[in-house]
Amino acid sequence: MTSSRGKMRESLGDAEQGPSAGAGEKDEPPDAENAPEPQHEEGSDWITSSRANDHYTEGLRRVRGRDFLSAYRSFTKAIFLLPEEPILYVARAETCINLCDLSSAASNYRKATTLQSPPDAAHFDRLVAVLDTLGLAAFCEGRIERALEYFNSALEYTPCQKGILLHRSLCLFMFKQHKEALRDAEICTDASPPTPFVWVAKTVFHMMGNRISEAKDSLERCLAMAAHQPLVTSLQMSFDAFYNRFKGQAFAAIEDERWSFAEKQLGTCIAAFPHDSELYLARSGVLCSQQKYTAAVQDLFESINMAGEATPKCSAQLSATLTRIAEELFAKNSIRQAINYCEESLKWNPDHVSALLLRGECLKVLGDHESAMKDFKRVLEVDGANDEGVWRLGNLHASWGTLLYAQQKYGLAEREFSRAISYSALEPMHHINRAKCLLMLQQPSAAVREYVACWKISKQDPSVMKLLRKLCPAAIQRAVETHTADDEPSDLRPFGDSGILVARRPSFQPTDTFQQRSSRRGKQRNGTTRSQRQPQACHLPIALNFSACKASVLPTLPQQTR
């Protein structure tokens, strides 16, 4: 019996070589003398073994003739006679493989390895290969769970087979078991030497998990090992599309003002591509929107370093960010630091209006009015229609006028308030302050004109109207009672080409005598003598409240005596 089994094994070796040969080769049928000879043993065992050997030999002959179905039947008859002989199961398993019945092949190899003691390593490898093939077939058919079962069965025999680990990781990934899938892929990577397909799988895993940096590293490994393989080339195109889609989500979040999500997405992109200047520029804008100005400035400088130069867009954004930092410092009363940031801002964009306005305001606070005026005038050179620049120029002249008034330099103060009006003609306080200066310069008619101009501007402002009634009650009351906003009070008229409003004299009747006129003027003076009257009262029938004028000058101005 032992000799018969030995001849079976020798014949099986020849049979295994036969089906694996090329399709065009022809195997000669075995000679009778080369067929295994059954050993003559005593009793029925000898007869059974001899008959099994005959069926086995017939099966080998059928295999050489590529009649695998008949060979399968012959091996099955032999197994029926000798069910404990592992070689027969191996022979039938190989026949099943040629018949494309891999499930039956796996069952026969399992039975063979169970009967062997110790198991043959070659048969183990063959069983693992069959199970792996079954798993791949099931995976391609979409039966992922069944494929995972086949791969797990194969790994029971060879736990460190990197190819099968890679295949199982694919199944685990399809079941969204990302950690287990990456664990298997890491084992494949640690194997020596790792194949390009291992890095392909890891790249796909990381892409599906939105891990751009890891996916990029795995792709670079693939390109280093097999850059010209079609699979790797296709993977590179897939990665580019994936990255562009991921970056597009970040820019879409910026448009939707979802700042936190946009910052996270851009941070992930920067981690993968730290030399992309566009990413730093985009993230700086997101940080500015979240008032993270210091971090935004750092990103802008990184963008400039990566690009090798400051693009116009980057320079403009850096200038705007530095100006916002200066605004925060100005609000905290850190005037000197605010000026430094404004100057740094203007280095990157000399025509940045906000920086010029803010620096001018800071200089004004420090008392450097001339430098402040240069900045405000520069604003109008850059943008002639800038209302803020016009208003601040007017306000600056008004501030000068206030200081000069406090120094009792009324002529210079009136000139500054006139300039303020030329920039901000609709600012009522400029007119009021100029009127006060005109009163101190003994020009009451011109002062009344300014009060009326202020009245026209601020009829809807209760506080301004209250002040006007206090300063010039008769003129304003008469204007309110008898005229509209576009008319002047009836007792005022333009004088010559200068346009200065002066009071109209009372008209004379042709038949009046000198004494009658003198008597009428005396009644108008209410019994006062020439020396008792104020100088302007002889030509101004409108009553001005001079005490109110003196008391209502800008709060910082001193009281004046006449």
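Residues numbered from 1 in each chain as written. Predicted model: local features only at pLDDT ≥ 70, side-chain atom pairs only at ≥ 80, totals over all residues. Heavy atoms only, no water.

Trainee: Please provide a residue-by-residue account of the overall build of the protein, values included.
Mentor: Along its length, the protein carries 27 helices and 2 strands. In the protein, buried positions account for 42% of the 562 residues. Considering only contacts in the protein between residues 6 or more positions apart, those separated by 24 or more positions represent 53%. Accessible area for the protein stands at about 30,000 Å²; split by element, carbon and sulfur atoms hold 51% of it. (Helix = DSSP H or I, 4+ residues; strand = E, 2+ residues; numbered from the N terminus. Buried < 20%, exposed > 50% of the residue type's maximum accessible area, 1.4 Å probe, protein only. Contact = heavy atoms within 4.5 Å. Areas by Shrake-Rupley, 256 points an atom, 1.4 Å probe, with all protein chains shown as cover.)

Trainee: Residues and numbers for helix H15 (residues 293–307), please.
Mentor: The terminal C-alpha atoms of H15, which comprises 15 residues, lie 21 Å apart, in line with the 21 Å expected from a rise of 1.5 Å per residue. As for H15, its buried residues are in contact with helix H14 (277–289), helix H16 (312–331) and helix H17 (335–348). Count one or two residues on from H15 and you reach Gly308, which has phi positive near 85°. (Expected span 1.5 Å × (residues − 1).)

Trainee: Describe the packing of helix H4 (residues 86–98) against helix H5 (residues 102–115), naming the residues involved and giving the relevant values.
Mentor: At a closest axis distance of 8 Å, the pairing of H4 and H5 adopts a crossing angle of 165°. Put simply, H4 runs roughly antiparallel to H5. As H4 packs across H5, the resulting crossing turns out to be left-handed. Along the contact surface, H4 presents Pro86, Tyr89, Val90, Arg92, Ala93, Glu94, Cys96 and Ile97, while H5 presents Leu102, Ser104, Ala105, Asn108, Tyr109, Lys111, Ala112 and Leu115. (Axes fitted to C-alpha atoms, helices over the stretch in contact; angles between N-to-C directions. Parallel < 35°, antiparallel > 145°, perpendicular 65-115°, else oblique. Left-handed = near helix turned anticlockwise from the far one by under 90°.)

Trainee: Can you explain the packing of H16 against H17? Please cite residues and give values.
Mentor: Where H16 contacts H17, the axes come no closer than 8 Å and their chain directions differ by 170°. For the element pair H16 / H17, the angle class is roughly antiparallel. When H16 is examined against H17, the residues Ser315, Leu318, Ser319, Leu322, Thr323, Ile325, Ala326, Leu329 and Phe330 are found in contact with a partner set consisting of Ile335, Gln337, Ala338, Tyr341, Cys342, Glu344, Ser345 and Trp348. Looking at the contact of H16 with H17 residue by residue, the class counts come to 11 nonpolar, 5 polar and 1 charged. (Nonpolar A, V, L, I, M, F, W, Y, C, P; charged D, E, K, R; others polar.)

Trainee: I'd like a description of the packing of aromatic side chains, backed by residues and values.
Mentor: Enumeration over the complete set of coordinates arrives at 6 aromatic pairs. Between Tyr243 and Phe273, the ring centres sit 4.5 Å apart and the planes meet at 50°, which makes this aromatic pair tilted. With Tyr243 in helix H12 (residues 230–255) and Phe273 in the loop between helix H13 (259–272) and H14, the pair connects residues that are 30 residues apart, well separated along the chain. When the ring of Phe301 is compared with that of Trp348, the centres are 6.0 Å apart and the planes differ by 70°; the resulting orientation is edge-to-face. One end of the pair, Phe301, is in helix H15; the other, Trp348, is in helix H17, with 47 residues separating them in the sequence. Exposure remark for Phe301: the relative accessible area of 32% places this residue in the partly exposed category. A connected cluster of aromatic rings, assembled from ring pairs, spans Phe239, Phe242 and Phe246. One Lys or Arg, Lys216, reaches over the ring of Phe273 and ends 5.4 Å from the middle of that ring. (Phe/Tyr/Trp six-rings, centres within 6.5 Å; stacked < 30°, edge-to-face > 60°. Lys NZ or Arg CZ within 6 Å of the ring centre and 35° of its normal.)

Trainee: Give a description of the pattern of salt bridges that names residues and reports values.
Mentor: On inspection of all chains with the given rule, the structure shows 20 salt bridges. The partner of Asp256 in a salt bridge is Arg258, with the nearest N and O atoms 3.7 Å apart. Sharing partners across several salt bridges, the network here consists of Glu58, Arg61, Arg62 and Asp67. (Salt bridge = Lys/Arg side-chain N within 4 Å of Asp/Glu carboxyl O.)

Trainee: Give me the lowdown on the nonpolar core, citing residues and values where you can.
Mentor: In this structure, Tyr56, Phe75 and Leu131 are the most contacted members of the largest nonpolar core, which totals 46 residues. If sequence neighbours within four positions are ignored, Leu131 has contacts with Ala106, Arg110, Tyr150, Ser153, Ala154 and Tyr157. Residues Ala296, Leu300, Ile325 and Met373 belong to the second largest nonpolar core, which totals 33 residues. (Core = buried A, V, L, I, M, F, W, Y, C linked by side-chain atoms within 4.5 Å.)

Trainee: Account for helix H3 (residues 68–81), with residues named and values stated.
Mentor: Compared with the 20 Å implied by 1.5 Å per residue over 14 residues, the 20 Å span of H3 between its first and last C-alpha is a close match. Buried within H3 are the following residues: Phe68, Ser70, Ala71, Ser74, Phe75, Ala78 and Ile79.

Trainee: Requested: an account of the environment of Asp276, with residues and values cited.
Mentor: Tracing the backbone through its elements, the reader meets Asp276 in the loop between H13 and H14. Residues Asp276 and Met306, 30 residues apart in the sequence, show an inter-C-alpha distance of 6.8 Å. If we ignore the near neighbours within four places in the chain, the residues touching Asp276 are Tyr243 and Lys247.

Trainee: Can you explain the side chain of Arg392? Please cite residues and give values.
Mentor: In this structure, Arg392 sits in helix H20 (residues 387–406). A distance of 3.1 Å separates a polar side-chain atom of Arg392 from the backbone oxygen of Leu357. Setting aside residues no more than four positions away along its own chain, Arg392 makes contact with Leu357, Leu358, Glu361 and Phe376. (Polar contact = N/O pair within 3.5 Å; in protein donor to acceptor, adjacent residues only side chain to side chain.)

Trainee: Explain the confidence of the model for the protein to me, and be specific about the residues and the numbers.
Mentor: Residues with a pLDDT of 70 or more make up 72% of the protein, whose mean pLDDT is 74. With pLDDT under 50 throughout, residues 1–43 is counted as low confidence; its partners more than four residues away or in other chains account for 57 contacts. (pLDDT = per-residue confidence, 0-100.)

Trainee: Outline unusual backbone geometry, listing residues and values.
Mentor: Outside of glycine, negative phi angles account for most residues, and trans bonds account for most peptide bonds. Ser117 connects to Pro118 through a cis peptide bond whose omega is -5°. Relative to the assigned elements, Pro118 resides in the loop between H5 and helix H6 (121–140). Of note in the backbone geometry, Glu257 takes a positive phi value of approximately 60° without being a glycine. Locating Glu257 in the fold gives a position in the loop between H12 and H13. We classify Glu257 as exposed; its relative accessible area is 56%.

Trainee: Give me the side chain of Gln265: which residues, what numbers.
Mentor: By the element assignment, Gln265 lies in helix H13. The exposure class assigned to Gln265 is buried, which follows from its relative accessible area of 6%. In terms of polar contacts, Gln265 uses its side chain to reach the side chain of Gln249, at 3.2 Å. Sequence-distant contacts of Gln265, defined by excluding residues within four places in its chain, comprise Phe246, Gln249 and Ala250.

Trainee: Requested: an account of the state of the cysteines, with residues and values cited.
Mentor: This structure, assessed with the given rule, holds 0 disulfides. No disulfide involves Cys140; its sulfur sits 10.0 Å from the nearest other cysteine sulfur, which is in Cys171. Accessibility expressed as a relative area gives 69% for Cys140, which makes it exposed. (Disulfide = S-S within 2.5 Å.)

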